[in-house]
Amino acid sequence: MAQFRFKALDEVLNRKPIEIERENNLVSDYYGMLVFDQAKMKKYLSREAYKAVTDAVERGTIIDRKMADQVAQGMKAWAIENGATHYTHWFHPLTDGTAEKHDAFIVHGADGSVIESFSGTLLAQQEPDASSFPSGGIRQTFEARGYTAWDPSSPAFISETTLTIPTIFISYTGEALDYKTPLLRALNTIDKAATGVCQYFDKNVSRVTANLGWEQEYFLIDEALYMARPDLMLTGRTLMGHASSKDQQLDDHYFSSIPTRVNKFMQDVENEAYKLGIPVKTRHNEVAPNQFELAPIYEEANLANDHNQLCMDIMQKIARRHKFRILFHEKPFAGINGSGKHNNWSLSTNTGVNLYSPGKNPKSNLQFLTFVINTLKAVFDNQDLLRASILTSSNQHRLGANEAPPSIISVFLGTEVSAMLDLMEEAVVDRKMTPDEKTALKLNIGRIPEIILDNTDRNRTSPFAFTGNRFEFRAVGSMANNASALIVLNTAVADQLKKFKAEVDAHIEKGVKKDEAIFQVLKTLIIDTKPIRFNGDGYSVDWVKEAEKRGLSNIGNVPDSLAAYLREDYIDLFKRNGIFNKTEIEGRVEVEYEKFIMKVQIESRVLADIAINHIVPTAVEYQTMLLENVKNLKEVFPEEEFLSLAGGRLDLIREVGSHISAIKAKRKEMIAARSKANKVEDVIDRSKEYDKEVRPFLDDIRDHIDRLELIVDNEKWPLPKYRELLFIR
Ligand SMILES: NC(=O)CC[C@H](N)C(=O)O
């Protein structure tokens, strides 16, 4: 029974770090070599085609067919020179990954031969069958056909031998079926809204870009051990496993020397990433044993998110080359740190100003405060929506412990910015301010230190933390497509900025001076948003009580959290900002509910199988061995001596027996609960049933298995143990 485990352990003992092929020159020499970037476009495109693409990227203009044809020719020429034989549209459907279907460049030539061909039509649009991708109700209501359409703002690249073109994915009737379409809409909306507000401070601002710097946390597990854990293979997390006596108690993994095998893997990933123009910068050991992190320099949010998805894909592939498997699940191991994908988010102007960086003078600092305070308000008003964007069946295991934030959404501002808001609240009076009062306030605003102490990771319990020149949305999970969080965040902030501008303009129209109008509106926002500000310990029991007093919501389960998407006020928010129509939201939410149900269902099925096929037989075998031993003792020794010698064993036999019975009984009950839940017609009700009636069995059954793991002969235990999964590298 335990053969597989020991064979795996044997195999691992012989592992050597894999030597990698390194480019010999400087990273800057080969950075982006597989990307059809500006430099290559200049070389391979006519001047007008180049301009058509840059205008589309910078101003959102449409690229006509003639130009698209020219771009396609240039792309094809470059791709073929670099070894490409195929092309694909690459998109982000509502699954946990990306999608691609490769087509060769070949077409029939006149004389029965083949030639390489690619056209503007093929570049601009394709028609994959949408019916095998999740779409919620949209697919049933309309047609199975879907379109992918070229996103020129994210450059094409070569992946192995395929020219890969980032695209959006929409239904026949134009509804978004992916993450990228609404993300682009949200980025466009925040551009407009933030530019409007920037105009109060600098007329030269004509464009505001949202930026993203993601931090990807992950675990690496040796391939052989991974293969011996069906739960890891099928669900991405361990559904059972007793804690290792030593795991992260000594804080000795975080930032410690990177193991050689892992270091080789990281170098390999970085090499590939550089060729693909992904600016990966930081690598380190994370807190849990065998947990690591990779983070790039921030980029424009849409590109950064494409790069994150691409990076996850190459990390998975390269991990295999190094005989590892990578785990992106938010909580692969109970009891130790899980993995997040902290989203560092900021806004910057075409004039080079980071709107979340304190400036050099009162004017730029007032702009900085304007953006910070409006962001506070957006988070406060949309806390339920923000939570819905990050809370999934897997992330739910991570939140609320081990340096991951709780599911109560709050904002950490740090002492300096908090003090500045308090000061403003006091200094802005309800009547017209005197010139002296205004000067004094401006002077104070000018005193914000230009570089606020780096708050990064200062408060690891905060879901949304100001870290000196950006906000860090820490609640986002490691497995997630960042777009889910970014769509909500950018829409919420854009909407708030529009409201802010409307209010300030109304004051100005009434004759109030611009500065004073801004002060007045900011003051009301500071007062309104006090409940969402929290710099303390997000894990404390007191915070839960305090948050309740403040009226903040505290929702820990996925079905109730997802319901936020269907609230009338939030549907309206998406509609008025042009992000989703009602059909799109309903379709998307249905997909999320289905995903939740499926994932719990799969976990429950896997656990039931392992319990009955691996664990129970092992326990029975061990129990039989104990019984044999007891019978032999009884034969050899007189009654009294026998009892003193075998007493402990008799208890053990009973203990093993009781766990076996409990596992079998609970497994039956769990299967019955699943059948009952499956009969529930409505998807929301079904997800609730799964959450309340099926999910609890996972912990319950696990508990018995973990107890058995502690008492059953190690030689017989079939699954690699936590200590093996976590410490072998
Ligand atoms: N060092 C850290 O910031 C740990 C973060 C933690 N892994 C999380 O789940 O978010």
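A quick note: this is a predicted structure, and the numbers were derived from the prediction, not measured. (Residues numbered from 1 in each chain as written. Predicted model: local features only at pLDDT ≥ 70, side-chain atom pairs only at ≥ 80, totals over all residues. Heavy atoms only, no water.)

Overview of the overall build of the protein
- Along its length, the protein carries 26 helices and 19 strands.
- Against the 2.2 N^0.38 benchmark of 27 Å for 729 residues, the protein shows a C-alpha radius of gyration of 29 Å, consistent with a compact globule.
- Overall, the protein is about 105 × 80 × 55 Å in size when its C-alpha atoms are taken along their principal axes.
- A total of 729 residues make up the protein; the buried ones form 56% of that total. (Helix = DSSP H or I, 4+ residues; strand = E, 2+ residues; numbered from the N terminus. Rg over C-alpha atoms; globule rule 2.2 N^0.38 Å. Buried < 20%, exposed > 50% of the residue type's maximum accessible area, 1.4 Å probe, protein only.)

Description of the confidence of the model for the protein
- For the protein, the average pLDDT comes to 94, and 98% of its residues sit at 70 or higher.
- Predicted as a complex, the structure gets a pTM of 0.96 and an ipTM equal to 0.98. (pLDDT = per-residue confidence, 0-100.)

Observations regarding the site of the ligand
- Not every one of the 14 residues close to the ligand is listed here, only the nearest: Glu217, Gly338, His342, Arg398 and Arg460.
- The contact in question runs from an oxygen atom of the ligand to an N or O atom on the side chain of histidine 342, over 2.8 Å.
- Within the side chain of arginine 460, one N or O atom sits 3.3 Å away from a nitrogen atom of the ligand.
- Across the complex, the protein chains shield 99% of the 300 Å² of accessible surface that the ligand would expose by itself.
- Here the shell around the ligand is built from residues that sort into 2 nonpolar, 5 polar and 7 charged. (Near = heavy atom within 4 Å. Polar contact = N/O pair within 3.5 Å; in protein donor to acceptor, adjacent residues only side chain to side chain. Areas by Shrake-Rupley, 256 points an atom, 1.4 Å probe, with all protein chains shown as cover. Nonpolar A, V, L, I, M, F, W, Y, C, P; charged D, E, K, R; others polar.)

A word on a nonpolar patch on the surface
- Together, Phe4, Met227, Met233 and Leu234 line one region of the surface with nonpolar side chains, adding up to about 380 Å² of accessible area.
- With respect to the secondary-structure elements, methionine 227 resides in helix 9 (residues 223-227). (Patch = residues over 30% accessible without salt bridge, like charges linked within 9 Å, V, L, I, M, F, W, Y side chains within 5 Å. Salt bridge = Lys/Arg side-chain N within 4 Å of Asp/Glu carboxyl O.)

Some words on the sheet that holds strand 17 (residues 411-412)
- Judged by pairing direction, the sheet is mixed, and its 6 strands sit side by side in the order 14-10-16-19-18-17 without closing on themselves. Sheet topology places strand 14 (299-300) and strand 17 at the edges, where each strand pairs with a single neighbour.
- Bridge count for strand 16 (residues 343-349) against strand 19 (residues 471-473) is 3 bridges, and the pairing is antiparallel. Residue pairing in the sheet places asparagine 344 in a bridge with glutamate 472 of strand 19.
- Docked against the sheet, helix 13 (residues 362-381) engages strand 16, strand 17, strand 18 (464-466) and strand 19, running at close to 170° with respect to strand 18. (Pairing = 2+ DSSP bridges. Contact = heavy atoms within 4.5 Å. Axes fitted to C-alpha atoms, helices over the stretch in contact; angles between N-to-C directions.)

Quick notes on the sheet that holds strand 11 (residues 216-222)
- Taken in spatial order, the 4 strands line up as 12-13-11-15 in an open sheet, and their pairing is antiparallel. Unpaired on one side and paired on the other, strand 12 (280-285) and strand 15 (324-327) mark the two borders of the sheet. The mean inter-strand angle of the sheet, taken between neighbouring strand axes irrespective of direction, is 30°.
- Where strand 11 lies against strand 13 (residues 291-296), 4 bridges are found, and the strand directions are antiparallel. Directly across from glutamate 217, in strand 13, lies its bridge partner glutamate 293.
- The strands that helix 11 (residues 260-275) touches are strand 11, strand 12, strand 13 and strand 15; relative to strand 12, the one it contacts most, it runs at about 165°.
- Strands strand 11, strand 12, strand 13 and strand 15 of the sheet are contacted by helix 12 (residues 301-321), whose axis makes an angle of about 150° with strand 15.

Section: the domain arrangement of the protein
- The domain boundaries assigned to the protein delineate domain 1 (31-178), domain 2 (188-580) and domain 3 (595-727).
- The straight-line distance from the C-alpha centre of domain 2 to that of domain 3 is 40 Å.
- If you look at the interface, domain 2 gives 36 residues, while domain 3 gives 28 residues.
- Roughly 2,900 Å² of surface becomes buried between domain 2 and domain 3 when both sides are summed, with 68% attributable to carbon and sulfur atoms. (Domains from an automatic or database assignment. Buried area = accessible area lost by both parts, 1.4 Å probe.)

Regarding the packing of helix 8 (residues 180-198) against helix 12
- One can describe the packing of helix 8 onto helix 12 by two numbers: an axis separation of 10 Å at closest approach and a directional angle of 155°. Classified by the angle their axes make, helix 8 and helix 12 are roughly antiparallel. Contacts from Lys180, Leu183, Leu184 and Leu187 of helix 8 reach helix 12 at Ala301, Asn302, Asn305 and Asp306. (Parallel < 35°, antiparallel > 145°, perpendicular 65-115°, else oblique.)

Observations concerning the pairing of strand 7 (residues 146-150)
- Taking burial as the measure, the 5 residues of strand 7 include 5 buried ones, the bulk of the element.
- A two-sided burial pattern is seen for strand 7, the buried positions comprising Gly146, Thr148 and Trp150 on one face and Tyr147 and Ala149 on the other.
- Sheet analysis places strand 6 (residues 125-126) next to strand 7, joined by 2 bridges and oriented antiparallel. Counterpart to glutamine 125 in the pairing with strand 7 is alanine 149.
- Sheet analysis places strand 7 next to strand 9 (residues 162-171), joined by 5 bridges and oriented antiparallel. Bridge pairing in strand 9 links alanine 149 to isoleucine 168.

Details of the packing of aromatic side chains
- This structure, assessed with the given rule, holds 28 aromatic pairs.
- Ring geometry for tyrosine 31 and tyrosine 274: centres 6.2 Å apart, planes at 50°, overall tilted. In this pair, tyrosine 31 sits in the loop between helix 2 (27-30) and helix 3 (38-44) while tyrosine 274 sits in helix 11, placing the two residues 243 residues apart along the sequence.
- Given a relative accessible area of 33%, tyrosine 31 falls into the partly exposed group. (Phe/Tyr/Trp six-rings, centres within 6.5 Å; stacked < 30°, edge-to-face > 60°.)

Quick look at the environment of valine 417
- Position of valine 417 relative to the elements: it lies in helix 16 (residues 414-427).
- For valine 417, a relative accessible area of 3% corresponds to the buried category.
- C-alpha separation for the pair valine 417 and glycine 468, spaced 51 residues apart in sequence, amounts to 9.2 Å.

Considerations on the side chain of asparagine 374
- Looking at the element boundaries, asparagine 374 is found in helix 13.
- Here asparagine 374 falls in the buried class, since its relative accessible area comes to 0%.
- Discounting residues that sit within four places of it in the chain, asparagine 374 has contacts with Gln496, Leu497, Phe500, Leu522 and Leu525.

Side note on the nonpolar core
- Judged by nonpolar contacts, the single largest core of 191 residues is most densely connected at Leu163, Tyr218, Phe265, Trp345 and Met424.
- When residues in this core are grouped by element, the largest group, 19 residues, is from helix 23 (residues 582-636).
- Dropping the residues within four chain positions of it, leucine 163 is found in contact with Met75, Trp78, Ala79, Ala84, His86, Tyr87, Thr88, Phe105, Phe118, Ala156 and Phe157.
- Core analysis: the second largest hydrophobic core is formed by 16 residues, Phe219, Tyr226, Ala288 and Tyr722 among them. (Core = buried A, V, L, I, M, F, W, Y, C linked by side-chain atoms within 4.5 Å.)

Overview of the pattern of salt bridges
- Applying the stated criterion across every chain, the model contains 53 salt bridges.
- A salt bridge links aspartate 96 to lysine 599; its shortest N-O distance comes to 2.5 Å. Taken together, the positions of aspartate 96 in the loop between strand 1 (86-91) and strand 2 (99-100) and lysine 599 in helix 23 put the pair 503 residues apart, joining distant regions of the chain.
- Relative accessible area serves as the criterion here: at 23%, lysine 599 is assigned to the partly exposed category.
- A salt bridge links aspartate 384 to arginine 567, with the nearest nitrogen and oxygen atoms 2.8 Å apart. With aspartate 384 in helix 14 (residues 383-390) and arginine 567 in the loop between helix 21 (558-562) and helix 22 (568-576), the pair connects residues that are 183 residues apart, well separated along the chain.
- Overall, the relative accessible area of 31% leaves arginine 567 in the partly exposed class.
- Each of Glu11, Arg15, Asp222 and Arg261 takes part in a single network of salt bridges with overlapping partners.

A word on the pairing of strand 13
- Most of strand 13 is tucked away: 6 of the 6 residues are buried.
- Neither face of strand 13 is exposed, since Gln291, Glu293 and Ala295 on one face and Phe292, Leu294 and Pro296 on the opposite face are all buried.
- As judged from the 5 bridges shared by strand 12 and strand 13, these two strands associate in the antiparallel manner. Counted as the bridge partner of threonine 282 is alanine 295 from strand 13.
- Remark: 5 residues form the turn of the hairpin made by strand 12 and strand 13, two consecutive strands paired antiparallel; asparagine 290 in that turn has positive phi of roughly 65°.

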